[in-house]
Structure formats: structure tokens, C-alpha cells
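Chains, contacts and geometry: an overview
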Amino acid sequence: MASLPSIIINPSNLRPHQPLVVVQSSASQTCLPVLRRLIQPAKLPKQTLLFCYLYPPVSLIKSWPNASDESLKVFDYTERIPGYNVSHDSRDEILAAVGSAPLGPLNVIIDSVDTLASNLASDSQTYRFIRSLLNLVTSRSYPSILTLHLLACPLLAVLTQTSLSPTLTHIVAHPPALINHLAFSYFTPPPPAGSPEKFWSVFIPVSERAHESQSLVYGPGGTGTCFGGGVDTREFVVELIVRGAGAGGRKRGIERVIEGWRGDAPEDLQKLDSLKSIWAQKKPADDKPLDPTQNVSFNLNLTPSQEKSRAQVPLPYVHEGKPTTSASSTAGAILYDPDSADDIDDDDPDEDLDI
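In this report, we go over the structure that sits alongside the text. If you're wondering where the values come from, they're calculated on a predicted model, not measured in any experiment.

**A closer look at the sheet that holds strand E4 (residues 106-111)**
- Here nine strands make up an open sheet; going across it, the order is E3-E2-E4-E5-E1-E6-E7-E8-E9 and the pairing mixed. On the outer flanks of this sheet lie strand E3 (72-76) and strand E9 (265-267), each paired with one strand and no other. Across this sheet, the average inter-strand angle for adjacent strands is 25°, counted without regard to direction.
- As judged from the six bridges shared by strand E2 (residues 47-52) and E4, these two strands associate in the parallel manner. Residue pairing across strands places Leu 50 opposite Ile 109, the latter belonging to E4.
- Sheet strands in contact with helix H5 (residues 123-138) are strand E1 (20-25), E4 and strand E5 (145-151), and its direction is about 155° off that of E5.
- The strands that helix H7 (residues 176-185) touches are strand E6 (168-174), strand E7 (235-244) and strand E8 (253-262); relative to E7, the one it contacts most, it runs at about 85°.

The following block contains the structure:
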């Protein structure tokens, strides 16, 4: 499975190729640091097209607006607000820019899809546009990527369906407070401190309840910001979901891992200061079978002489443990021992009848 560092270094070099990347933020935790690294990965593609609807380019690109890199082209739509100024439909402009991009790997990034849907006032039109844009990206002769940044919205469910793309890389940001909450309130620490099966069975339904994460961050005792405060500044947890060919040639296999993020780069989950209380817990020793003879008010053990006497007691069944070796014995034979009440003489009980 592709790890978060490998995606950050060169997202277009994943195997199998992942043309669709969905980056999901929430009210309790932003995923902008990951988005910034996807915009400017360690190995830049031939060209990157960035379409900004929500955040201005200066908050997403380092050295903006003095960037001299010609491989990065930015379209700022943040000032085009329907109802407040003269706005026009930017979909044709986006499709034209992608269609006229030079040959080579291309990275197309939209920030954010939920804002685009709000501008169009139609989720269905937004979905059809994303589908057309993805078809344009996948039709290129070089491996290209469409990266969509969005908050949790009704479009998220349809954008992650296999009908749009059989393969998918889904990156979801979570606050560290959620992991600590699961570890201490539900007794389900993340792996390797706990069982992966148990952790995911609890983490998935709890993380989908956005109000619970928001109460942990903004409620009483919360950090109050999506980045956290104090030692956990700019630390958060990343849930990475990769759908595609898995091990052994499986098709449409889904693999899910949880990783850490600190500052502007991925970090080992066990090295995050905000989660150090989880790893500081002592791991319980291997459970041994309980001895029923311990901690009772009477003795349940046998002395050697008692064990010898018990071994000399004959078994209650006559034929127990004795193999049948006679020639007359066959499989399924019935062995019967008469008791005192049985009438086993050879007299015919019906001899007085004239039959």
C-alpha cells in the first residue's frame, strides 16, 4: 500500500496509478498542510494547475506571488462570488486550461469542491463537471492526477464511489483529541498499541460523527483550534484510504492506515507529542489461563496419595478403553450387558398360543 510520504514525494508515480485524490478537511481539523505538499511535491510534474475557490493562493503556495516556477499555473477565483459581483461560469475556463496543458504529467488541483458547488447552486452540475474533468485528465497519455479538496458535504459520498473512479486515494485529517478520546474513553488505542480490527471498528463510526470531533476540539477542555495548542501545535492525524489493486492482484481492494503529521511533513504516529500519553501506557502482560484453585477458601488440589487412589478407581463402563479384537466383532456391533431384571432364558413366551 502507498504510504503518505510516497504520495507527498511523487503522487503521479503510485502503482497502480491513482488519477483521483480527495483531500478532506473538517471544521475540527484542516488538511491544508497536506494540500500544500500535494501542490508542490518533492518531484514536480510537468505542470500543475491550481484553481482556488476558497483559500487565496498566498495561503497555499510557498513564495507566492513571486514564484518563478513556470510549471505552476494559478487561477484565482476567490473574488468571484455570485450575488456580490459580476461572476461568470469558470467551468469552461478550467476545461480549456486542462485541455491545452503541455504534454507530460499534469497535476490539477481544485480548492475547494464544496465552494464550487455553492457557486453553481447545484450538486448534480458540480458532479457532472468533475466527471468531465476527470475524463479529460485520465485521457492524457502521461499519468496525471486530479486532486479535490473539500469539506464534508453531500458531494463527498458520490465523489468517492467506484462509478466515478475505480481507484481512489482519500486523505482525511483528524484532530489528535479524537485519537486520545478513543484510547482512554473507549479503550481502543491505535495500532500498534492496540488491535487494528478493534480500533477501526470503533474509529470509523465515531470519526464520521463530525459533532463529536468538534465537541472534543471546541468544547470544554478542548484545544480551541484546529491546529491544537501547546505541545500539539500543528500536529494532527491523517487517515489514508487507498482503493485499487491490492496484494495478490486483488481488484478494487481497500486498504486503510492511520499516520501522523507534524508541521509540513508526515511523521510517525508514535512520535507525535499530542499522542505520547497513549504510548506511555504500560502494555498489559500476556494473559495466563486462570487457575480455578487459587483465591478460594478451601483446598481444591489433590495430594499425591489422593491422585494415586483416583487413578486406581475402575472406569464405570466395562468396555471403556478395551479394543474389540474378536473375529465376530464388526463395525457397528451392539454390545449389551443384561441386568437382573432382564429375562434372558430361551423359553418362547408365546408357546402356549396355538399359532
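**Examining the environment of Arg 36**
- Looking at the secondary structure, you find Arg 36 in helix H2 (residues 32-39).
- Each C-alpha atom, one on Arg 36 and one on Ser 59, is 8.7 Å from the other, the two residues being 23 residues apart in sequence.
- Arg 36 has contacts with Ser 59 and Leu 60, leaving out every residue within four places of it along the chain.

**Looking at the layout of surface pockets**
- Size it by volume and the largest pocket reaches roughly 460 Å³.
- As for the largest pocket, its lining consists of 22 residues, and the residues nearest its centre are Gln 24, Val 172, His 174, Ser 207 and Glu 208.
- Elements with a minimum of two residues in the lining of the largest pocket: E1, E6, helix H8 (196-207), helix H9 (210-218) and E7.
- By residue number, the principal contributor to the lining of the largest pocket is E6, which donates four residues.
- Its residues assigned to classes, the lining of the largest pocket comprises nine nonpolar, 10 polar and three charged.

**Some thoughts on unusual backbone geometry**
- Put simply, Asp 111 and Ser 112 share a cis peptide bond, and its omega is -5°.
- With respect to the helices and strands, the residue Ser 112 is situated in the loop between E4 and helix H4 (113-120).
- Cis geometry marks the peptide bond from Pro 191 to Pro 192, where omega comes out at 10°.
- Backbone geometry places Ala 121, a non-glycine residue, at a positive phi of 60°.
- The residue Ala 121 is located in the loop between H4 and H5 in this model.
- Owing to a relative accessible area of 71%, Ala 121 belongs among the exposed residues under this scheme.

**A word on the packing of aromatic side chains**
- What the rule picks out here adds up to eight aromatic pairs.
- Residues Phe 75 and Tyr 77 carry aromatic rings whose centres are separated by 6.5 Å and whose planes lie at 40° to one another, so their mutual orientation is tilted.
- Its guanidinium or amino end placed over the ring of Trp 200, Arg 256 lies 5.8 Å from that ring's centre, counting from NZ or CZ.

**Quick look at H2**
- Summarising burial for H2: seven of the eight residues are buried, a large majority.
- All buried positions along H2 are accounted for by Leu 32, Pro 33, Val 34, Leu 35, Arg 37, Leu 38 and Ile 39.

**Re the pairing of E8**
- Here E7 pairs with E8 via 10 bridges, running antiparallel. Opposite Arg 243, over in E8, you have Ile 254 as the bridge partner.
- Note: E8 against E9, three bridges, orientation antiparallel. What sits directly across from Gly 260, in E9, is Glu 267.
- Joining the antiparallel neighbours E8 and E9 is a turn of two residues, in which Gly 263 adopts a positive phi near 65°.

**A closer look at a negative patch on the surface**
- A grouping of Asp 347, Asp 348, Asp 350, Glu 351 and Asp 352 is seen on the molecular surface, where their side chains present a negatively charged patch.
- If you trace the backbone, Asp 347 turns up in the segment after helix H11 (304-311).
- By relative accessible area, which is 55% here, Asp 347 ends up exposed.

**Concerning the pattern of salt bridges**
- With the rule as written, the count across this model stands at eight salt bridges.
- The salt bridge involving Asp 89 is made with Arg 91; its shortest N-O contact spans 2.5 Å.
- Since its relative accessible area comes to 18%, Arg 91 is described here as buried.
- Three or more residues joined by partner-sharing salt bridges are found here, namely Glu 235, Arg 262, Glu 267 and Asp 273.

**Details of the nonpolar core**
- Among the nonpolar cores identified, the biggest contains 32 residues, and Phe 51, Ile 110, Leu 146 and Leu 159 are the most heavily contacted of them.
- The element contributing the most residues to this core is H5, with six residues.
- If sequence neighbours within four positions are ignored, Leu 146 has contacts with Pro 19, Leu 20, Val 21, Val 108, Ile 130, Leu 133, Leu 134 and Val 137.
- Val 23, Leu 38, Ile 145 and Phe 236 belong to the second largest nonpolar core, which has 16 residues in total.

So, how was this worked out
Residues numbered from 1 in each chain as written. Predicted model: local features only at pLDDT ≥ 70, side-chain atom pairs only at ≥ 80, totals over all residues. Heavy atoms only, no water. Pairing = 2+ DSSP bridges. Helix = DSSP H or I, 4+ residues; strand = E, 2+ residues; numbered from the N terminus. Axes fitted to C-alpha atoms, helices over the stretch in contact; angles between N-to-C directions. Contact = heavy atoms within 4.5 Å. 1 Å grid on protein atoms, 1.4 Å probe; cavity = no way out; pocket = protein on both sides within 12 Å on 5 of 7 lines; lining within 4 Å. Points joined across faces, edges and corners; volume = space filled by probe spheres on them. Nonpolar A, V, L, I, M, F, W, Y, C, P; charged D, E, K, R; others polar. Buried < 20%, exposed > 50% of the residue type's maximum accessible area, 1.4 Å probe, protein only. Phe/Tyr/Trp six-rings, centres within 6.5 Å; stacked < 30°, edge-to-face > 60°. Lys NZ or Arg CZ within 6 Å of the ring centre and 35° of its normal. Patch = residues over 30% accessible without salt bridge, like charges linked within 9 Å, V, L, I, M, F, W, Y side chains within 5 Å. Areas by Shrake-Rupley, 256 points an atom, 1.4 Å probe, with all protein chains shown as cover. Salt bridge = Lys/Arg side-chain N within 4 Å of Asp/Glu carboxyl O. Lys, Arg positive; Asp, Glu negative; His and termini not counted. Charge placed at Lys NZ, Arg CZ, Asp CG, Glu CD. Core = buried A, V, L, I, M, F, W, Y, C linked by side-chain atoms within 4.5 Å.

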